[in-house]
Amino acid sequence: MFALVDCNSCYASCEQIFRPELRGKPVVVLSNNDGCIVARSKEAKLLGIDDLQPFFKIEPILKQHNVAIFSSNYALYGDISHRVMTTLKTFSPEVEVYSIDEMFLNVAGMPWNLKEYGQQIKQTLWQDIRMPVCVGVGPSKTLSKLANRAAKSITQCNGVCVLDQPHKWQWLQKRMPVTQVWGVGKRLAKRLQRFNIDTVYDLAQANTKVLRREVNVNLERTINELNGIACYPLEEQPSAKKQIYCTRSFGEKLSELSLIKQAVAVYASRASQKLRAQKSVVQSIQVFMHTSPHQDNYVSRSVVCQLPYPTNDSREIVALALQGVAAIYQPGNRYIKAGVGLLDVCDRRFNQFDLFNTGQSAHSEKLMQLLDKTNARHGRNAVFLGAEGVAQKWAMRQQYKSPAYTTRWGDLPVITMR
DNA sequence: TCTGGGGTCCTAGGACCC
DNA sequence: TCTGGGGTCCTAGGACCC
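Let me sum up the structure you'll find in this document. Each chain carries its own residue numbering, running from 1 in the direction its sequence is written. Starting at A for chains and at 1 for ligands, labels are handed out in the order in which the entities are written. Restriction of local features to residues with pLDDT of at least 70 applies here, the model being predicted, together with a cutoff of 80 or more for giving and counting side-chain atom pairs; totals for whole chains, interfaces and linings are based on all residues. Only heavy atoms go into the side-chain values, all of them from the structure, while hydrogens and water stay out.

## Let's talk about the sheet that holds strand 4 (residues 68-70)
Following DSSP output, two strands are said to pair if at least two bridges run between them. Secondary structure counts use DSSP, requiring at least four H or I residues in a row for a helix and at least two E residues in a row for a strand, with both numbered from the N terminus. On the basis of which strands lie adjacent, the open sheet formed by three strands has the order 3-2-4 and mixed pairing. Because the sheet does not close on itself, it has two edges, and the strands there are strand 3 (37-40) and strand 4. Averaged over all pairs of adjacent strands, the angle between their axes in this sheet comes to 25°, without regard to strand direction. With three bridges connecting them, strand 2 (residues 27-30) and strand 3 associate as antiparallel partners. By the bridge assignment, Val28 is partnered in strand 3 with Arg40. Contact criterion: two residues are considered in contact whenever any of their non-hydrogen atoms come within 4.5 Å of each other. Axis lines are fitted through C-alpha atoms, for helices just across the contact stretch, and the angle between N-to-C directions can take any value from 0 to 180 degrees. Running at roughly 150° to strand 4, helix 3 (residues 55-64) makes contact with strand 2, strand 3 and strand 4 of the sheet.

## Description of the protein's contact with DNA strand B
Nearness here has a simple test: a residue counts as near a molecule or strand if at least one of its heavy atoms is within 4 Å of that partner. Not every one of the 23 residues close to DNA strand B is listed here, only the nearest: Ser31, Gln243, Tyr245, Thr247 and Gln295. Of everything in DNA strand B that lies within 4 Å of the protein, sugar and phosphate atoms constitute 61%. Arg248 is positioned with one of its side-chain polar atoms (N or O) 3.4 Å from a sugar or linking oxygen of DNA strand B. Secondary-structure elements contributing two or more residues to the surface near DNA strand B are helix 3 and strand 9 (244-254). Here the nonpolar group is Ala, Val, Leu, Ile, Met, Phe, Trp, Tyr, Cys and Pro; Asp, Glu, Lys and Arg are the charged ones; every other residue, Gly included, is treated as polar. Each residue belonging to the surface near DNA strand B can be placed in one class, and the counts come to seven nonpolar, eight polar and eight charged. Polar contacts, as counted here, are pairs of nitrogen or oxygen atoms within 3.5 Å of one another; within protein the pair requires one atom able to donate a hydrogen and one able to accept it, and residues that are adjacent in sequence qualify only if both atoms are side-chain atoms.

## Some remarks on the packing of aromatic side chains
Whether two aromatic rings pair depends on their centres lying within 6.5 Å, for rings of Phe, Tyr and Trp, where Trp uses its six-membered ring; planes under 30 degrees apart make the pair stacked, over 60 edge-to-face, and the rest tilted. What the rule picks out here adds up to 13 aromatic pairs. Taking the centre distance of 4.3 Å and the plane angle of 10° together, the rings of Tyr11 and Tyr77 count as stacked. With Tyr11 in helix 1 (residues 10-17) and Tyr77 in helix 4 (residues 74-88), the pair connects residues that are 66 residues apart, well separated along the chain. Tyr11 sits in the buried class, given a relative accessible area of 14%. What makes Tyr77 buried here is its relative accessible area of 0%. With a centroid separation of 5.8 Å and an interplanar angle of 50°, the aromatic rings of Phe104 and Trp182 are classed as tilted. In this pair, Phe104 is assigned in strand 6 (residues 102-106) and Trp182 in the loop between helix 7 (166-173) and helix 8 (186-193), connecting sequence segments 78 residues apart. Each residue's exposure class comes from its accessible area (1.4 Å probe, protein chains only) as a fraction of the maximum for that residue type: buried when under 20%, exposed when over 50%, partly exposed otherwise. Given the relative accessible area of 0%, Phe104 is considered buried.

## Digging into the sheet that holds strand 1 (residues 2-7)
Spatially, 5-6-1-7-8 is the arrangement adopted by the five strands of the open sheet, whose pairing is mixed. Each edge of the open sheet carries a strand with a single partner, namely strand 5 (95-99) and strand 8 (160-162). For this sheet the average axis-to-axis angle between neighbouring strands, irrespective of direction, equals 15°. Across five bridges, strand 1 lies against strand 6 in antiparallel orientation. Residue pairing across strands places Leu4 opposite Phe104, the latter belonging to strand 6.

What follows is the structure, given as structure tokens:
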């Protein structure tokens, strides 16, 4: 049996931890660059504010209803997430951190009543961290995801839903549209309509062989999972990424090559850092940039560049990314976004040398280790490449950012005793 | 003044080569 | 009735997730 624990309106709840006066009030959190709504408290949802709406379009409505607005504060959310995950690990020896606000727990063979166990998890996280969560339990990951949705939307569940019998999950499946299934998006749902599949139940009862042939093997697995047959195992160790991207919108539109280069240097550097964190090397990278797709004369270009040998050295990756930028840059355009992708990522241990290239030097390996160690100890940007620039005029907008309450000495909350 | 996220993986289609 | 290949690389864009 799997339990999926999912934080309710995660980012909004994080903000409410240090602003308790905002509990029970409408709160929204914006994406990077204050672009879209990415988290809404229950009260904000009730005002009819949709997920991923552009902020500037609904700003007047938010102000009118006195909604508390926050820019994304990932230092805070990352730290709170870490606390939640640490607490959850005490509830099961086998867990998978699925996203910043979700964790799968293996609860097979637990001697306790699973409904009560779920309530205990929920209460502990509220008492220790003030994070509200919902718990879904089922014999497969897909069913535990479905159970979690029920726990969130059906009041009688009181935040915990256990699907341990076929009649229970079938009852739910008949009442849910197929888009509620993990891995089925808008597009696939439309394709499934051709097979007369509208509800989750229709999909669960569909012919696996036909859909495997018509769609793919993952859909066959999903169907089995919906019938209580686990096909996706718990992944305690996250598998290494095959591609690593770092992309950002700029705070303002950029035309000047030197500024775009600075931004791309930062993205390439950050991607390299992620690459080293998973102990991999890369031999080809992609650089892209584009203007606003919401305006006329949309321009988007990308290029793939090869490194001479597999490496994880920020200096080489950044230098190549900058060549890429120069190759696709066209003067006169006002770019809104750029990004760097590391494409053929592979394990450092399988790094192959050839006759003419000795590969990354031991000196370079050592320097990168030192760089990562220093930044881990003294903050992410304690040491960085000169190409990344200091002024960062293109940095994203974050007009409504809360303090880094838990990760910066100067931002520690102060409690006043009366 | 002007505003529209980010990450990963996959696929379609075209260019080019043999 | 009508029939002309297959592989690789590159780029753009889509699908799905959070």
